[in-house]
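Coordinate analysis (summary)
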Amino acid sequence: MVKGRNQAYVIALLVFALISTQLSFSSSKVSAATNLALNKSVTESSHTQSYAASNVTDGNQGTYWEGAANSYPSWVRVDLGSSQTVNQVVLKLPATWGARSQTLSVEKSSDDIAYSTVAASTAYSFSAGTNAVTINFASASARYIKISITANTGASGGQLSELEVYGPATIPSPTPTATMQPTAAPSSFSAFAQTAASSFTSQLGTQLEASSEGGQNVAFVDNGDYIAFDNVNFGSGASSVALRVASQTSGGNIEIRLDSASGTLAGTCAVTSTGGWQSWTTKNCAISTISGVHNLYLKFTGGAGNLFNVQWFKFAAASLGGDVVGKIFAGYQGWFTAGGDGSPLNNWTHWSKNNNNLTANSNVNFEMYPDLREYSKLYQTNLGNLGNGQPAKLFSSYDQETVNKHFEWMQTYNISGAALQRFGADANYAPSSWNQNRDSVAVKVKNAAEAYSRKFYVMYDITGLDPNQWVNAVKNDFTNNVVGTMNLTSSSAYAKQDGKLVICIWGIGFTDRPGTAAESADLIAWFKNQGYYVIGGVPTHWRNGDNDSKPGFLDVYKSLDMLSPWFVGRFSQLAGADHYKTNQWQPDYAFTQQNGIVYQPVIWPGFAWKNMKNGPVNEIPRLHGDFMWRQAYNLKSLGVNTGYIAMFDEYDEATAIAKAAENSSMIPNNQYFLTLDADGVAVSSDFYLRLTGDIARLFNNEIPLTVNHPTSHQ
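Residues numbered from 1 in each chain as written. Predicted model: local features only at pLDDT ≥ 70, side-chain atom pairs only at ≥ 80, totals over all residues. Heavy atoms only, no water.

The next subject is the overall build of the protein. Scanning the protein for helices and strands turns up 10 helices and 33 strands. Overall, the C-alpha framework of the protein stretches about 105 × 55 × 45 Å when taken along its three principal axes. Here the protein displays about 28000 Å² of accessible surface, and carbon together with sulfur accounts for 49% of that area. Here the protein contributes 45 positively and 52 negatively charged side chains, and the mean placements of these two sets differ by 4 Å. (Helix = DSSP H or I, 4+ residues; strand = E, 2+ residues; numbered from the N terminus. Areas by Shrake-Rupley, 256 points an atom, 1.4 Å probe, with all protein chains shown as cover. Lys, Arg positive; Asp, Glu negative; His and termini not counted. Charge placed at Lys NZ, Arg CZ, Asp CG, Glu CD.)

Given below as structure tokens:
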């Protein structure tokens, strides 16, 4: 059916225009400002853990009710105390939770026995940031209001943090006095809540119709029409707007105007064809910053005929942004030394098992041989010459030139920066050659990050710390060394997120690492109380608290700003990455979205440690990049946009993405090393750097999502 206005409606509209100075209709769904359900008695079908129904009427959006898992329908029922005239409910979830949809209905009763439906079962979208849904219905008398939920895309039971109930506003009749008293202005409502377009205060030229997404949408929109909303509170500033729209024609524009239909123009959002009048899409548009309370006008402009439909709108504040969310960081060890490098260690730490110069088939500790062609400082080993006849040398991370080269590669290949691994925190710090070497490399990382416009943050690895002192050890080291002596956090290159300096604690909750839940919570709170953005490196099975995770840590994990589960060595082959997508990453990501935590999964190229542990040759193959790309592809398909690469320079366990030997011509002739052609396909030494750069572009929506990596092997 062609969408158009009824001819009789047009004639009536024109007649009315002749006798009106301004054509404006008031919505029949204007509601009073008093929440009739606040602090009222509430009952439930069930709840899980401590998330009881009493939370939905306590006036605190941060607390919530959650129905028992897989026990639909989940319901909550509020007793208003006496019969009230009601026409609106507002349902909320914690504002920090991620987006989800819940299918629910609204019922009323006067006696808690016989119930009738006032809003039929419909899927409602709760959007991250505000997580509020307004449901209007015809005015009715009710003492009990019940919300019945039959589906939730974000959890296995219904969830609500607030159930607010409102009645119609009382419009006083004028009194026959000489002077009319002004009526108090109605309370404002938040611009940052998802607001139904159908809940306008006034409008010009539009109609309402049933929406395929529930409720009603504004329809039959022509050039010059508008809908208006009184007393919209934009707080300290809104800088963008999301609008849910649909169009079967070429569309038009939505002008964001303040205080009148011809008032200040804050922005214009173009609406193009979506393929149908009920084919909905969300348009996000930047606007000039709006602050304070205003009457909001959405004015519609475009060509002849109907332009588009509007379902809802929601404004968003300017994001502080930062250096880690939406970015790719790589773990940086910086732990290799060499005899003669002038370091406090002055030995072959991490290259060899015993710190002595390397001897073939004796004390070799690392799995992949680096590509040495770009280093300006190298140190001679006792290994045989490379296959190309060149002497077998190695670099030292103690040299500023080496660290500079690594950060130059990060800059060249589009890697945002490095998570600087920090081992061996000590509650009673005493200078030692190991500590001095570690701290010297940390300062060189700071210098290189500044020189090559990369970011870095400190990542404490709590492996091996004294279980009785590990929390104090980290606090002492951070206060006295990281901040006090080295001044790392004062660097212009030190990473920030949302205006906060970033810190990571790796190893929280692992069964083979120190720490109770209370100790871990204490350390996280200690950093947060100083204004830090805290990332946690956590076990693979953090969410269920089993396998590699200690039980009882879920609240600790939920207290983190960003959560980075460890996946290295946990699966292999493309089928393994696909299995993890379904069984680990998807529920992980849903949980973090629900709880307002940023998800930073670990992505890795492959793994082997034959030389270190005498494990299998090429234990978890890289598959010439297919294995690493499949992880990124699967994660991006779920909506993940933040990642941690393990590792940049981990040649020990063959997880390095830094330049490595391509084939036998680039490794010693008398010692086994894993080369990049081990899977039968020749790739360049910089292939995994280029692949990581493409993953960063994929996560940033700069290249399309494709099942095969776009990175050439050479």
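A few words now on the pairing of strand β22 (residues 328–332). Counting buried positions along β22 yields 5 of 5 residues, so the element is predominantly enclosed. Here β22 shows a buried face lined by Ile328, Ala330 and Tyr332 and a second buried face lined by Phe329 and Gly331. One ladder, built from 4 bridges, connects β22 with strand β25 (residues 417–422); its direction is parallel. Bridge pairing in β25 links alanine 330 to alanine 418. (Buried < 20%, exposed > 50% of the residue type's maximum accessible area, 1.4 Å probe, protein only. Pairing = 2+ DSSP bridges.)

In total, this model carries 1 disulfide according to the counting rule given. Across the disulfide from cysteine 269 sits cysteine 285; the S-S distance is 1.9 Å. On the sign convention where negative is left-handed, the bridge of cysteine 269 and cysteine 285, at about 55° about the S-S bond, is right-handed. Note that cysteine 269 is positioned in strand β18 (residues 264–271) and cysteine 285 in strand β19 (residues 276–290), a separation of 16 residues in sequence. (Disulfide = S-S within 2.5 Å.)

Remark: helix α9 (residues 626–638) packs on helix α10 (residues 687–699), axes separated minimally by 11 Å, with the N-to-C direction vectors making an angle of 5°. Classed by the angle they form, the pair α9 and α10 counts as roughly parallel. Residues Met628, Trp629, Ala632, Leu635 and Lys636 of α9 touch α10, and the partners they reach there are Tyr688, Leu691, Thr692, Asp694, Ile695, Leu698 and Phe699. Per-class residue counts for the contact of α9 with α10 are 9 nonpolar, 1 polar and 2 charged. (Axes fitted to C-alpha atoms, helices over the stretch in contact; angles between N-to-C directions. Parallel < 35°, antiparallel > 145°, perpendicular 65-115°, else oblique. Contact = heavy atoms within 4.5 Å. Nonpolar A, V, L, I, M, F, W, Y, C, P; charged D, E, K, R; others polar.)

A few words on the nonpolar core. Judged by nonpolar contacts, the single largest core of 132 residues is most densely connected at Tyr369, Tyr457 and Tyr651. No other element matches the 8 residues that α10 contributes to this core. Sequence-distant contacts of tyrosine 651, defined by excluding residues within four places in its chain, comprise Phe336, Trp351, Phe366, Glu367, Met368, Pro370, Tyr375, Phe395, Ala656, Ala658, Lys659 and Ala660. (Core = buried A, V, L, I, M, F, W, Y, C linked by side-chain atoms within 4.5 Å.)

This paragraph deals with the side chain of serine 127. Tracing the sequence through the fold places serine 127 in the loop between β6 (116–126) and β7 (132–152). Those residues within four positions of serine 127 in sequence are excluded, and the remaining contacts are Ala99, Gln194, Trp312 and Lys314.

A separate point is the packing of aromatic side chains. Tallied over the entire structure, the rule returns 46 aromatic pairs. Taken together, a centroid distance of 5.0 Å and an interplanar angle of 85° make the contact between phenylalanine 234 and phenylalanine 315 edge-to-face. Highlighted residues: phenylalanine 234 in the loop between β15 (226–233) and β16 (238–247) and phenylalanine 315 in strand β21 (residues 309–316), separated in sequence by 81 residues. Each member of the pair, phenylalanine 234 as well as phenylalanine 315, carries the same accessibility label: buried. When the ring centre of tyrosine 688 is taken as reference, the NZ or CZ atom of arginine 622 above it lies at 4.5 Å. (Phe/Tyr/Trp six-rings, centres within 6.5 Å; stacked < 30°, edge-to-face > 60°. Lys NZ or Arg CZ within 6 Å of the ring centre and 35° of its normal.)

Along its 13 residues, α10 runs 18 Å from first to last C-alpha, staying within 8% of the 18 Å computed at 1.5 Å per residue. Counting buried positions along α10 yields 12 of 13 residues, so the element is predominantly enclosed. The complete set of buried residues in α10 reads Phe687, Tyr688, Leu689, Arg690, Leu691, Thr692, Gly693, Asp694, Ile695, Ala696, Leu698 and Phe699. Taken together, the buried residues of α10 touch β22, α2 (400–412), β32 (602–603), α9 and β33 (643–645). Backbone geometry just after α10 places asparagine 701 at a positive phi near 60°. (Expected span 1.5 Å × (residues − 1).)

What follows covers α9. Because each turn of an α-helix spans 3.6 residues, side chains separated by three or four positions in sequence point in the same direction. Taking 1.5 Å per residue, 13 residues should reach 18 Å; α9 reaches 18 Å between its end C-alpha atoms and fits that length. Burial of α9 is extensive: 10 of the 13 residues sit out of reach of the surface. For α9, the set of buried residues is Phe627, Met628, Trp629, Arg630, Gln631, Ala632, Asn634, Leu635, Lys636 and Leu638. In this structure, the buried side of α9 is in contact with α7 (573–594), β31 (598–599), β32, β33 and α10. Looking at the residues trailing α9, positive phi occurs at glycine 639, about 110°.

Applying the stated rule across the entire model yields 25 salt bridges. With a closest N to O distance of 3.8 Å, lysine 377 and glutamate 401 form a salt bridge. On the criterion of sequence distance, the pair formed by lysine 377 in the loop between β22 and β23 (379–380) and glutamate 401 in helix α2 is long-range, its members being 24 residues apart. For lysine 377, a relative accessible area of 34% puts it in the partly exposed group. (Salt bridge = Lys/Arg side-chain N within 4 Å of Asp/Glu carboxyl O.)

Another point: the environment of aspartate 626. Tracing the chain through its elements places aspartate 626 in helix α9. Between the alpha carbons of aspartate 626 and glutamine 573 there is a distance of 8.8 Å; along the sequence they are 53 residues apart. With near-sequence residues (within four places) excluded, aspartate 626 lies in contact with Leu574 and His709.

Note that all results are geometric; they support no functional claim without further evidence.
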